[in-house]
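# Observations on the three-dimensional arrangement
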Amino acid sequence: MLVDLVFRNAQLAGLPGPVDIAVKHGRIVAIGANIRCDAITEEDVEGNFAFPGFVDSHVHLDKASILERCTICAGTLEEAVRETAKAKAGFSEEDVFERASAVVRQAIFHGTTRMRTFVEIDPRAGMRSFQAIKRVREQFAFAIDLQICAFVQEGLTQEPETEEMLDEALRTGADLIGGCPYTDPRPEEHIRRIFALARKHDVDVDFHLDFSLDPAKTDLPAVIEATRENDYGGRVTVGHVTNLSVLDPTERSALARKIAQAGIAVTVLPATDLFLMGRDHQSNIPRGVTPAHLLLADGVQAAIATNNILNPFTPFGDASLSRMANLYANVTQLCRDEDLEEVFAMVSARAAAIMRADYGLTVGAPADIVILDAPDQQTAIRSIAPPLAGWKAGKKTFVRSRSHMFGNPGV
Ligand SMILES: [Zn+2]
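Values in this document were obtained by computation on a predicted structure and should not be read as measured data.

## Comments concerning the coordination of the zinc ion
- The zinc ion binds to the protein through His58 (NE2), His60 (NE2), His208 (NE2) and Asn307 (OD1); the donor distances cover 2.1 to 2.2 Å.
- Around the zinc ion sit four donor atoms, and with donor-metal-donor angles ranging over 85 to 176 degrees the site reads as irregular.
- Of note, the zinc ion draws all its donor residues from one chain, in the sequence arrangement H-x1-H-x147-H-x98-N. One end of the pair, histidine 60, is in the loop between β6 (54-59) and α1 (77-88); the other, asparagine 307, is in the loop between β13 (302-304) and α10 (321-331), with 247 residues separating them in the sequence. No difference in accessibility class separates histidine 60 from asparagine 307, as the two residues are buried.

Next up, the structure:
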């Protein structure tokens with residue numbers, strides 16, 4: 001057999017020992033021990049872990065890296081929305097393109113091969129951020145699949161011109177639509193209009209939802225109802241839902257089963273939730289991170305994602321999903337191998353399922369492969385193992401060299 005590329009000694013999830021992966025015309029044509037083939041290129045993976053790359057299902061590229069333009073005093077959600085709105089009015093297309101490109105470059109070096117980015121569209125942002133992110137999608141298409149979510153952060157019903165702008169974005173290259181009922185004076189009408197636009201353009205929906213620690217303050221029943229009415233099961237995701245984190249296990253489980261039955265997925269955003277929630281507590285501060293791994297047990301599809309990087313929502317970040325998985329596992333007190341395997345799935349295969357991406361290391365799948373400097377997923381999360389190299393459709397997209405120490409390390 002003549003192939004374009006063969007990986008030797010790759011450790012894959014669920015297999016007892018290392019295998020080879022053969023690639024032809026950008027797709028995987030064989031996986032197995034000691035594949036006999038002639039290959040134009042051969043890569044020795046040296047027993048390290050190979051997978052199709054991390055999947056970041058919730059990122060805001062347009063408002064990343066603006067810390068120096070904002071003032072953080074209270075560290076609350078309200079302040080973050082307000083400060084970012086002020087900064088946003090000054091965004092130019094070039095400015096968004098430069099900042100977003102820098103984050104996408106970082107994400108690629110951290111082994112991310114797919115990303116859903118929200119882009120704010122409203123009278124303050126105009127279509128500038130959207131135009132910039134479309135250029136970013138094109139610029140980095142060789143290494144990463146970027147899904148663009150036309151997003152309304154600051155309310156829809158009180159700014160009627162936003163609806164026409166969202167419609168235009170969906171006509172001109174946005175992949176899906178995102179709503180945020182908690183900032184809208186009429187949350188139920190907001191949800192109704194977002195679904196109407198989604199149906200008009202036949203696109204999926206992703207809501208920022210229930211971002212507080214008060215379970216009584218919820219738009220979830222309205223989203224569940226709208227999902228059913230519109231027959232949108234499997235096409236709706238909700239991000240944050242931090243109020244689930246304060247429910248007792250029985251209440252949380254009952255709600256989780258309703259979410260699962262409606263076909264709604266959940267994305268948990270630990271870095272932002274930890275930073276913004278519980279600001280009115282002086283001690284014993286609640287974590288505000290919804291336990292995504294417990295939702296899985298009730299049948300909910302769930303992912304863990306980055307959300308924001310270096311802005312008033314999250315003044316930290318490097319677009320690394322192994323770091324985010326480590327943060328999540330640490331804060332939710334997970335340590336068993338089977339739990340860490342689920343955490344890994346929530347930054348890879350489960351997030352890919354939410355994005356409905358063609359994903360998996362199987363024969364016939366696209367040869368999107370990332371090698372981590374670790375023997376398995378659990379070690380990768382525990383040690384925040386850096387990626388060593390990545391390929392998309394069989395083409396090498398990046399390489400990172402291991403650190404090298406000079407002198408005598410034995411002394
Ligand atoms: Zn978000």
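Moving on, there is more to tell.
## With respect to helix α5 (residues 187-201)
- Counted at 1.5 Å a residue, the expected span for α5 with its 15 residues is 21 Å, and the 21 Å between its end C-alpha atoms agrees.
- Taken together, the buried positions of α5 are occupied by Glu189, His190, Ile191, Arg193, Ile194, Phe195, Leu197, Ala198 and His201.
- In this structure, the buried side of α5 is in contact with α4 (160-171), β9 (176-179), β10 (204-209), α6 (220-229) and β11 (236-240).
- Looking one or two residues beyond α5, the residue adopting positive phi is aspartate 202, at roughly 55 degrees.

## Remarks on the packing of aromatic side chains
- What the rule picks out here adds up to 13 aromatic pairs.
- Geometrically, the ring pair formed by phenylalanine 54 and phenylalanine 344 is tilted, given 5.5 Å between the ring centres and 55 degrees between the ring planes. In this pair, phenylalanine 54 sits in strand β6 while phenylalanine 344 sits in helix α11 (residues 337-346), placing the two residues 290 residues apart along the sequence.
- For phenylalanine 344, a relative accessible area of 5% puts it in the buried group.
- Taken together through their ring pairs, the aromatic side chains of Phe49, Phe51, Phe54 and Phe344 make up a single cluster.
- Between the NZ or CZ atom of arginine 135 and the centre of the ring of phenylalanine 97, over which it lies, the distance is 4.1 Å.
- Residue placement shows arginine 235 over the ring face of tyrosine 232; its charged tip is 4.7 Å from the ring centre.

## Digging into the sheet that holds strand β4 (residues 38-44)
- Across the sheet, four strands lie side by side as β3-β2-β1-β4; this open sheet has mixed pairing. Bordering the open sheet on either side are β3 (27-32) and β4, each of which pairs with just one other strand. Each strand of the sheet is rotated relative to its neighbour by a mean of 25 degrees, with strand direction disregarded.
- Of the strand pairs in this sheet, strand β2 (residues 19-24) and β3 are connected by five bridges, and their pairing is antiparallel. Counted as the bridge partner of lysine 24 is arginine 27 from β3.

## Points about the environment of valine 246
- By the secondary structure assignment, valine 246 is in the loop between β11 and α7 (249-262).
- Look at valine 246 and you get partly exposed, because its relative accessible area is 38%.
- Separated by 44 residues in sequence, valine 246 and threonine 290 place their C-alpha atoms 8.1 Å apart.
- Aside from chain neighbours lying at most four places away, what touches valine 246 is Leu213 and Pro215.

## Concerning the UniProt feature "domain: Amidohydrolase" (unreviewed entry) in the protein chain
- If you check UniProt for "domain: Amidohydrolase" (unreviewed entry), the listed places come out as residues 96-378 in our numbering.
- For the annotated span residues 96-378, helix accounts for 42% and strand for 15% of the residues, and the straight-line distance between the end C-alpha atoms is 35 Å.

## A look at α7
- For α7, which comprises 14 residues, the first-to-last C-alpha distance of 20 Å matches the rise-based estimate of 20 Å (1.5 Å per residue) to within 8%.
- Buried positions along α7 lie against α6, β12 (264-268) and α9 (292-297).
- N-cap assignment for α7: the residue whose side-chain oxygen lies 3.0 Å from the backbone N of threonine 250 is aspartate 248.

## Description of the pairing of strand β14 (residues 369-372)
- Residue alternation in β14 divides its side chains into two sets, Ile369 and Ile371 and Val370 and Leu372, and both sets are buried.
- As judged from the three bridges shared by strand β5 (residues 49-51) and β14, these two strands associate in the antiparallel manner. Bridging from a neighbouring strand, alanine 50 pairs with isoleucine 371 of β14.
- Bridge count between β14 and strand β15 (residues 387-392): four bridges; the pairing is antiparallel. Looking across to β15, one finds that leucine 372 is bridged to proline 387.

Thresholds, definitions, all that
- Residues numbered from 1 in each chain as written.
- Predicted model: local features only at pLDDT ≥ 70, side-chain atom pairs only at ≥ 80, totals over all residues.
- Heavy atoms only, no water.
- Donors = N, O, S within 2.8 Å, 3.2 Å for Na, K, Ca; no water.
- Tetrahedral: all angles 85-135°; square planar, octahedral: opposite > 155°, others 65-115°.
- Helix = DSSP H or I, 4+ residues; strand = E, 2+ residues; numbered from the N terminus.
- Buried < 20%, exposed > 50% of the residue type's maximum accessible area, 1.4 Å probe, protein only.
- Expected span 1.5 Å × (residues − 1).
- Contact = heavy atoms within 4.5 Å.
- Phe/Tyr/Trp six-rings, centres within 6.5 Å; stacked < 30°, edge-to-face > 60°.
- Lys NZ or Arg CZ within 6 Å of the ring centre and 35° of its normal.
- Pairing = 2+ DSSP bridges.
- Axes fitted to C-alpha atoms, helices over the stretch in contact; angles between N-to-C directions.
- UniProt positions renumbered as here; feature names shortened; annotations may be inferred.
- Polar contact = N/O pair within 3.5 Å; in protein donor to acceptor, adjacent residues only side chain to side chain.

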